[in-house]
Amino acid sequence: MKHNTALIAGASGLIGNRIAEQLIVAGNWDVIALARRPPATPNMRWIAVDLADLEDCRCKLVDLPAVTHVFYAARYDHPEGIRESVDINAAMLSNLITTLEPQAALQHVHALQGSKYYGHQLGPVEFPMHEESPRAPGVNFYFEQEDFLRARSVGKQWTYTTTRPHAFCDPAVDHPRSIGLAIAVLAAIQNELGEPLYFPGRSKGYDVRTQFTDLALLARAIIWMAQEPRCANQAFNVVNGDNPRWCELWPRLASWFGVKAGAARGIKLAQTMADKSSVWDAIVKKHGLRPTRLDELVLWAYGDYQLSPEWNVRSSMDRARALGFQDAVDSYEMLTRQFAQYRAARIIP
Ligand SMILES: NC(=O)c1ccc[n+]([C@@H]2O[C@H](COP(=O)([O-])OP(=O)(O)OC[C@H]3O[C@@H](n4cnc5c(N)ncnc54)[C@H](OP(=O)(O)O)[C@@H]3O)[C@@H](O)[C@H]2O)c1
């Protein structure tokens, strides 16, 4: 089988880690990881580099002639509530490609985007969102990076693709931006308090259709499109493929935890959970769980972000399907599989 060399920028991040795992299992890839901190996946070379610093890139990213594919999954630090830097994120991709291009046998560059490309978080959007749907108003580093790749690849031997997933879902427990962890920990706290699992958003939000992206599915899609010539120079939505209403999903999730589903409460988890550390500590002690701090385990503001939209969202998978990517994931099965993994890891009771 043909041997490729992948360079994964952001290999310690949620999706970077899953891409690395799948490439290593595939067996026909050499994998080089880029991040400032060491990635969790073993069996790959790691280069500690600050992509925001062009000089650091020039010093550390040397002698990489074998690199054929770049998987760009880096995202500059973005504390909740602070606007993500467009300039730094745009510079990071540009620094990497500028340093790599003269020395590597580049065939393909893939860059992660997301459905924020269409502005799904700002208000009602096209239903479904297509790759040709308009960009959201305002600035976003996705636009800068996409324009950069489009312009830079002209006349080159390499092509590019981008993906636009929705809410990332993954069994990882060391990334607090996780809707699965937020629901699982909320269920444990409500159960401990002897209360039903209320829906944190408002009743209008309880009725809307939502969607998720399983990261194993996303990694498969990315690796597929990086090698499928018909995908070249295009963007692709990648979501599970189902489109449940929260009001259909929530009672089934509550039932998985053996608790009753409560009504939509219209609260902010970031506020409500602020004084629940002692409840969590008691749960950890009572059930002999792995010691965790509530304020580190879950980013509640991220839970609010996922649970508060009051309009339907759906991304069309037609483009990827037409070119042969048929994988789909049942979101209830995915979330409950994640809950079981948290339980097996002694993170929740
Ligand atoms: N999370 C979601 O729900 C979601 C949904 C849709 C789309 N997306 C998109 O998917 C992409 C990846 O997101 P993610 O959630 O997987 O990100 P993440 O978990 O926050 O990981 C970010 C990665 O970037 C690396 N990084 C950050 N600054 C760096 C620097 N200066 N130099 C080198 N590496 C650096 C980090 O490693 P170090 O800190 O060790 O350097 C880490 O490996 C982003 O474009 C995001 O917008 C995410």
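Residues numbered from 1 in each chain as written. Predicted model: local features only at pLDDT ≥ 70, side-chain atom pairs only at ≥ 80, totals over all residues.

Colleague: Could you clarify how one ought to interpret the overall build of the protein chain in this entry?
Modeller: Looking only at helices and strands, the protein chain has 14 helices and 11 strands in total. Summarising its shape, the C-alpha atoms of the protein chain cover approximately 60 × 40 × 40 Å along the three principal directions. Evaluated residue by residue, the protein chain yields a buried proportion of 44% over its 349 residues. (Helix = DSSP H or I, 4+ residues; strand = E, 2+ residues; numbered from the N terminus. Buried ≥ 20, exposed ≤ 12 C-beta atoms within 10 Å, placed from the backbone.)

Colleague: How should I be thinking about the site of the ligand in this particular structure?
Modeller: Around the ligand, a shell composed of 28 residues is seen, among which G10, G13, R36, R37 and G114 lie nearest. For the shell around the ligand, the residue count by class is 16 nonpolar, six polar and six charged. (Near = placed C-beta within 6 Å. Nonpolar A, V, L, I, M, F, W, Y, C, P; charged D, E, K, R; others polar.)

Colleague: What am I meant to see in the environment of A172 here?
Modeller: Inspection of the secondary structure assignment puts A172 in the loop between β7 (168-169) and α5 (179-192). On the basis of neighbour counts, which here come to 22 C-beta atoms within 10 Å, the residue A172 falls in the buried class. Taking C-alpha positions, A172 is 25 Å from D275, a pair spaced 103 residues apart along the chain.

Colleague: Hey, could you run me through the domain arrangement of the protein chain in this one?
Modeller: Accessible area lost upon the coming together of the parts serves often as the stated size of an interface. Partitioning the protein chain into domains gives domain 1 (4-166 + 213-238) and domain 2 (169-211 + 243-313 + 328-344). The straight-line distance from the C-alpha centre of domain 1 to that of domain 2 is 29 Å. Listed per partner, the contact involves 14 residues of domain 1 and 13 residues of domain 2. For the side of domain 1 that touches domain 2, the secondary structure elements donating two or more residues are α1 (14-26), β9 (213-214) and α7 (215-227). Looking at the side of domain 1 that touches domain 2 residue by residue, the class counts come to six nonpolar, five polar and three charged. (Domains from an automatic or database assignment. Contact = placed C-beta atoms within 7 Å.)

Colleague: Where do I start with the packing of α1 against α7 in this structure?
Modeller: Helix packing for two helices is described by the angle between their axes and how far apart those axes are. Where α1 meets α7, the axes come as close as 9 Å, and the angle between the chain directions of the two elements is 65 degrees. Relative to α7, the crossing made by α1 is right-handed. From α1, L14, I15, R18, I19, Q22 and L23 reach across to α7, where they touch L215, A216, L218, A219, R220, I222 and I223. Grouping the amino acids of the contact of α1 with α7 by side-chain chemistry returns 10 nonpolar, one polar and two charged. (Axes fitted to C-alpha atoms, helices over the stretch in contact; angles between N-to-C directions. Left-handed = near helix turned anticlockwise from the far one by under 90°.)

Colleague: What exactly am I supposed to notice about the environment of V208 here?
Modeller: Among the secondary structure elements, V208 is positioned in the loop between α6 (203-207) and β9. In the structure, V208 is positioned 104 residues away from N312 in sequence and 5.0 Å away in space, judged by C-alpha atoms.

Colleague: How should the environment of Q234 be read in this particular structure?
Modeller: Structurally, the position occupied by Q234 is in strand β10 (residues 234-238). By the C-beta count within 10 Å, which is 15 here, Q234 ends up partly exposed. Expressed as a C-alpha distance, the spacing of Q234 and R150, which sit 84 residues apart in the sequence, is 9.4 Å.

Colleague: Honestly, unusual backbone geometry in this entry has me stumped. Any pointers?
Modeller: Excluding glycine, residues mostly carry a negative phi; peptide bonds, for their part, are mostly trans. The omega angle of the peptide bond from F127 to P128 is 0 degrees, so this bond is cis rather than trans. As for its position among the elements, P128 is in the loop between β5 (108-112) and α4 (141-153). For N43, which is not a glycine, the phi torsion comes out positive at approximately 65 degrees. Looking at N43, the number of C-beta atoms within 10 Å reads 9, which means it is exposed. Phi angles above zero are rare outside glycine, and R346 is one such case at about 60 degrees. Position of R346 relative to the elements: it lies in the segment after α14 (331-344). On the basis of neighbour counts, which here come to 15 C-beta atoms within 10 Å, the residue R346 falls in the partly exposed class.

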